[in-house]
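# Coordinate analysis (summary)
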Amino acid sequence: MTSPLRNYLRDDNLSPDEQADVLRLGDLLSKDRFARRPLAGPRAVAVIFDKPTLRTQVSFTTGIVELGGYPLVVDGNLAQIGTRESISDVAHVIGRQVAAIVWRTHAQARAEEMAAVAGVPVVNALTDDFHPCQVLADLLTVAQHRGGVETLPGTTLAYVGDGSNNMAHSYLLGGATAGMHVRIGTPEGFAPNPAIVADARRIAAATGGSVSVHGDRDAALDGADAVATDTWVSMGQESQAADRAEPFVPFRLDAEGLAKAAPGALVLHCLPAYRGKEITAEVLDGPQSVVWDEAENRLHAQKALLTFLLEEA
């Protein structure tokens with residue numbers, strides 16, 4: 001019997017047990033990069049980029065090859081999906097020729113429309129609302145440094161910065177799914193989407209985790225086991241850069257802020273980082289930073305996710 005089609009459009013598309021299985025497989029693949037080959041053939045995976053990319057392109061294209069497949073990279077600016085041709089029509093065309101579709105795009109609704117029609121798994125490689133593949137990599141990084149996936153439940157993860165962006169939303173959902181205590185520290189006017197907070201709290205109630213939003217950086221960081229931040233100006237918000245600087249300065253992740261966290265707290269940043277803005281060079285390049293492991297783990301976590309969607313879902 002064929003399993004129902006699964007997509008990964010937001011972090012809570014995986015149950016807690018499924019998320020843990022993907023993370024365990026990601027850890028295995030970090031040690032034996034060719035342990036699974038679900039794309040042997042090679043089978044193609046369409047990788048579509050509507051937004052600027054470095055880590056996403058490198059990790060998905062490399063990962064698809066290591067899984068035995070062929071990364072069919074599509075420049076979204078040339079394809080003009082949704083403008084030159086409808087998303088539905090594109091999904092019908094691509095879905096008949098590839099094993100899966102990975103899309104880095106703008107509105108979440110675009111990824112959802114693609115998934116509704118494609119007939120193959122669709123993976124959200126970043127939208128305006130969520131960045132679920134990045135948070136899988138972050139959870140894998142925390143697990144590796146704290147002794148395994150089993151250590152994630154009960155761990156406190158604090159994110160400080162723009163609480164309304166895709167990373168904050170994915171930390172809420174992904175962290176709650178892992179049974180973590182997720183704290184968001186953000187200035188007034190930049191709180192997470194209330195519906196996403198409500199979803200995260202519902203998940204946390206079942207996993208033993210918790211979710212809280214703070215208007216004070218130090219309250220969010222207090223005793224945290226892992227701390228994270230992100231750029232204050234997401235893609236498409238460049239014109240707001242000058243206006244955003246002032247409210248976010250008190251939420252900068254610096255040595256003083258890091259000292260509020262638990263001793264040896266892990267420092268996460270999805271990159272690109274702007275030293276001296278959302279994070280200081282002292283912290284980003286310091287001994288508690290695991291950002292390079294985190295960047296590498298995009299590869300391993302995404303390979304595990306694709307394997308799950310293609311073989312085990």
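The rules behind each value
- Residues numbered from 1 in each chain as written.
- Predicted model: local features only at pLDDT ≥ 70, side-chain atom pairs only at ≥ 80, totals over all residues.
- Heavy atoms only, no water.
- Axes fitted to C-alpha atoms, helices over the stretch in contact; angles between N-to-C directions.
- Helix = DSSP H or I, 4+ residues; strand = E, 2+ residues; numbered from the N terminus.
- Parallel < 35°, antiparallel > 145°, perpendicular 65-115°, else oblique.
- Left-handed = near helix turned anticlockwise from the far one by under 90°.
- Contact = heavy atoms within 4.5 Å.
- Nonpolar A, V, L, I, M, F, W, Y, C, P; charged D, E, K, R; others polar.
- Pairing = 2+ DSSP bridges.
- Salt bridge = Lys/Arg side-chain N within 4 Å of Asp/Glu carboxyl O.
- Buried < 20%, exposed > 50% of the residue type's maximum accessible area, 1.4 Å probe, protein only.

### Digging into the packing of helix α1 (residues 16-31) against helix α6 (residues 132-146)
Interaxial distance between α1 and α6 falls to 10 Å at its minimum, and their mutual angle equals 70°. The orientation of α1 relative to α6 falls into the category roughly perpendicular. For the pair α1 and α6, the sense of crossing is right-handed. For the pair formed by α1 and α6, the contact residues are Q19, V22, L23, G26, D27 and S30 on the first element and L136, L139, L140 and Q144 on the second. Counted by class, the contact of α1 with α6 contains five nonpolar, four polar and one charged residues.

### A look at unusual backbone geometry
The residue after G41, namely P42, is reached through a cis peptide bond having omega 0°. Considering the arrangement of structural elements, one finds P42 in the loop between α1 and β1 (44-49). The step from L271 to P272 runs through a cis peptide bond, and the omega angle for that step is 0°. Along the chain, P272 falls in the loop between β9 (266-269) and α12 (281-284). We note that Q80 has phi near 55°; this positive angle belongs to a residue other than glycine. Counting through the fold element by element, Q80 comes out in the loop between α3 (76-79) and α4 (87-95).

### Details of the sheet that holds β9
Judged by pairing direction, the sheet is parallel, and its five strands sit side by side in the order β7-β6-β5-β8-β9 without closing on themselves. A single partner strand is all that each edge strand has here, and the edge strands are β7 (210-214) and β9. Strand-to-strand twist in this sheet, taken as the mean axis angle between neighbours without regard to direction, amounts to 20°. Where strand β5 (residues 156-160) lies against strand β8 (residues 226-229), three bridges are found, and the strand directions are parallel. The residue of β8 that forms the bridge with L157 is A226.

### Here we look at the pattern of salt bridges
Taken as a whole and judged by the stated rule, the model has 16 salt bridges. Where R10 meets D199, a salt bridge forms, and the shortest distance between an N and an O atom there is 2.9 Å. With R10 in the segment before α1 and D199 in helix α8 (residues 194-207), the pair connects residues that are 189 residues apart, well separated along the chain. A relative accessible area of 22% places D199 in the partly exposed class. Between K31 and D27 there is a salt bridge whose closest N-O contact spans 2.9 Å. With a gap of four residues between them, K31 and D27 both fall in helix α1, about one helical turn apart. Exposure remark for K31: the relative accessible area of 65% places this residue in the exposed category.

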